Amino acid sequence: MATRLSLYLLCHVLLTAIAAAGDGKIGICHGRVGGNLPPPEAAAALLLQNGVTRARLFLPDPPVLRAFAAAGIDLVVGVPNENLTFLAASGPDGAARWLSSAVLAHAPAERVRYLAVGNEVLYGDRFYAASIVPAKRNLHAALAGMGLDGVVRVSSAHASSVLAASYPPSAGAFDAEALPVLRPMLRFLADTGAPFMVNTYPFISYVNDPANVELAYGLFGAAAAPVQDGALVYTNLFDATVDALVAALEKEGFGGVQVAVTETGWPTAGHPAAMPENAAAYNAEIVGRAARGVGTPRRPGVPVEVFLFDMYDEDGKPGAEFERHFGIFRADGSKAYDINLA
Ligand SMILES: *[C@@H]1O[C@H](CO)[C@@H](O)[C@H](O)[C@H]1NC(C)=O
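Now for a quick tour of the structure. (Residues numbered from 1 in each chain as written. Predicted model: local features only at pLDDT ≥ 70, side-chain atom pairs only at ≥ 80, totals over all residues. Heavy atoms only, no water.)

1. Examining the layout of surface pockets
Part 1 of the reasoning: Put simply, the largest pocket is a space of about 1,500 Å³.
Part 2 of the reasoning: Forming the boundary of the largest pocket are 50 residues, of which E120, S160, N199, Y201 and I204 lie nearest the centre.
Part 3 of the reasoning: Sorting the residues of the lining of the largest pocket by element identifies β2 (54-57), β3 (74-79), β4 (112-119), α8 (202-208) and α10 (237-251) as the ones contributing at least two each.
Part 4 of the reasoning: Considering each element in turn, the lining of the largest pocket owes the most residues, 4 residues, to α8.
Part 5 of the reasoning: Each residue belonging to the lining of the largest pocket can be placed in one class, and the counts come to 25 nonpolar, 15 polar and 10 charged. (1 Å grid on protein atoms, 1.4 Å probe; cavity = no way out; pocket = protein on both sides within 12 Å on 5 of 7 lines; lining within 4 Å. Points joined across faces, edges and corners; volume = space filled by probe spheres on them. Helix = DSSP H or I, 4+ residues; strand = E, 2+ residues; numbered from the N terminus. Nonpolar A, V, L, I, M, F, W, Y, C, P; charged D, E, K, R; others polar.)

Below, the structure is given as structure tokens:
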């Protein structure tokens, strides 16, 4: 009995140590499109209470930047799409002025791990597509001029529709129409050591195509039918999507570029498959994988940095009902379902 207890304690200590080693691999997106959101200081404190030290902000909103930076939270700061036209034409000096006044005046560079330049600009009307690489180059040159090259990395978050093929994962390929923008972008990411950022929602894949996407496959369910892909086996859509992206990167000659998942999550309401139990199961699996650094079948042992969407429900979001129910926390700071984020 005593032996068993001490074995248990030893395992517990080891598991805690392993979890601590993976500390901070999970971040949370903090969108603020809602009317009932707690003040940024409360949001930042809540993250720390839950052992989360990374966050993605969609906008460089000065009070939010100040509160999160003061709490010591490492940030992905979104550069809004509407600013890209200016930043593409501004040259490094104009980009430096924008960066100083919009971001670095409110959060020290040490807290800004990434600039996410534009969100999903290759999705929909692609109005900003031509600006994105020049904007990134100007921002990177501005950072280099401030001695911040390698401190703040410059990337862009993409919708997973940037892939035209993703099944099986080894057939992953970028949308040919996006390649004229993507190829110089991949060169930029490789040259500057920045990851390719992707937003991916197995929930939405399931909702859009329930006849072909098994709910259990989206939810990391043990009952999901595995997908055999050459020598590799896929048991869930998350790994399959990340590896389809990896295959697409390899096809373009950029197999060395890392992948960061800048949004993923599961809603708690607004659709029959959106419920607290499913959200808890999905997000617990994402957190566990990030903490263990297991990587994916194509890149085993290579941790994938992940940002869960979303900290709170955002009642001002447009679109389908479920879009307003991704929150992990309620406005009063309680959890919407049982989950350990640390
Ligand atoms: C760009 O960014 C700044 C600072 O965040 C903002 O004040 C400005 O209105 C933005 N929009 C455009 C179209 O430049």
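2. Describing the packing of aromatic side chains
Geometry of an aromatic ring pair is reported as the spacing of the ring centres plus the angle between the planes.
Part 1 of the reasoning: All chains considered together, the criterion is met by 12 aromatic pairs.
Part 2 of the reasoning: Ring geometry for F127 versus Y128: centroids 4.9 Å apart, planes at 85°, classification edge-to-face.
Part 3 of the reasoning: Among the residues examined, F127 registers a relative accessible area of 61% and is labelled exposed.
Part 4 of the reasoning: An angle of 45° between the planes, with centres 6.3 Å apart, marks the rings of F220 and F238 as tilted. Here F220 is found in the loop between α9 (215-218) and β9 (227-229), whereas its partner F238 is found in helix α10, with 18 residues between them in sequence. One exposure class covers both F220 and F238, and it is buried. (Phe/Tyr/Trp six-rings, centres within 6.5 Å; stacked < 30°, edge-to-face > 60°. Buried < 20%, exposed > 50% of the residue type's maximum accessible area, 1.4 Å probe, protein only.)

3. With respect to unusual backbone geometry
Leaving glycine out, the prevailing phi sign among residues is negative, and the prevailing peptide bond configuration is trans.
Part 1 of the reasoning: The step from Y167 to P168 runs through a cis peptide bond, and the omega angle for that step is -15°.
Part 2 of the reasoning: Mapped onto the elements of the fold, P168 is located in the loop between β6 (163-165) and β7 (173-174).
Part 3 of the reasoning: With an omega dihedral of 25°, the bond running from F309 to D310 counts as a cis peptide bond.
Part 4 of the reasoning: Structurally, D310 is set in the segment after β12 (305-308).
Part 5 of the reasoning: For R126, which is not a glycine, the phi torsion comes out positive at approximately 55°.

4. Looking at the site of the ligand
Part 1 of the reasoning: What surrounds the ligand is the set E82, N83, W98 and A102.
Part 2 of the reasoning: In the environment of the ligand, a nitrogen atom lies 3.1 Å from a nitrogen or oxygen atom belonging to the side chain of E82.
Part 3 of the reasoning: At a separation of 2.4 Å, an oxygen atom of the ligand approaches a polar side-chain atom of N83.
Part 4 of the reasoning: Here the ligand, which alone exposes 360 Å², has 43% of that area covered by the protein. (Near = heavy atom within 4 Å. Polar contact = N/O pair within 3.5 Å; in protein donor to acceptor, adjacent residues only side chain to side chain. Areas by Shrake-Rupley, 256 points an atom, 1.4 Å probe, with all protein chains shown as cover.)

5. What about the sheet that holds β4?
Part 1 of the reasoning: Within the closed barrel, the 8 strands sit side by side as β1-β2-β3-β4-β5-β8-β11-β12. Their pairing is parallel. Pairs of neighbouring strands in the sheet enclose a mean axial angle of 25°, with direction left out of account.
Part 2 of the reasoning: Where β4 meets strand β5 (residues 153-159), 4 bridges bridge the pair, whose relative direction is parallel. Its bridge partner being in β5, L115 is matched across the sheet by V154.
Part 3 of the reasoning: Seen against the sheet, α10 touches β8 (196-199), β11 (259-264) and β12 and runs at an angle of roughly 140° to β11. (Pairing = 2+ DSSP bridges. Axes fitted to C-alpha atoms, helices over the stretch in contact; angles between N-to-C directions. Contact = heavy atoms within 4.5 Å.)

6. With respect to the pairing of β8
Part 1 of the reasoning: Side chains F196 and V198 of β8 all project onto a buried face; the interleaved residues M197 and N199 project onto the opposite face, where all are buried too.
Part 2 of the reasoning: In the sheet, β8 pairs with β11 via 4 bridges, with the strands oriented parallel. Bridge pairing in β11 places F196 opposite V259.

7. Topic: the nonpolar core
Part 1 of the reasoning: In terms of nonpolar packing, the biggest core is built from 113 residues, with F68, L115, F174 and F196 touching the most fellow members.
Part 2 of the reasoning: The element best represented in this core is α10, accounting for 9 residues. (Core = buried A, V, L, I, M, F, W, Y, C linked by side-chain atoms within 4.5 Å.)

8. Details of helix α2 (residues 40-49)
Part 1 of the reasoning: Every buried residue of α2 is listed here: P40, A43, A44, L46 and L47. Buried residues along α2 cover an arc of 160° about the axis, so they all sit on one side. Summarising the geometry of α2, the exposed residues directed more than 90 degrees from the buried face are E41 and Q49.
Part 2 of the reasoning: Packing partners of the buried residues in α2 comprise β1 (26-30), β2 and α3 (62-70). (Arc of directions from axis to C-beta.)

Keep in mind these values describe shape, not function.
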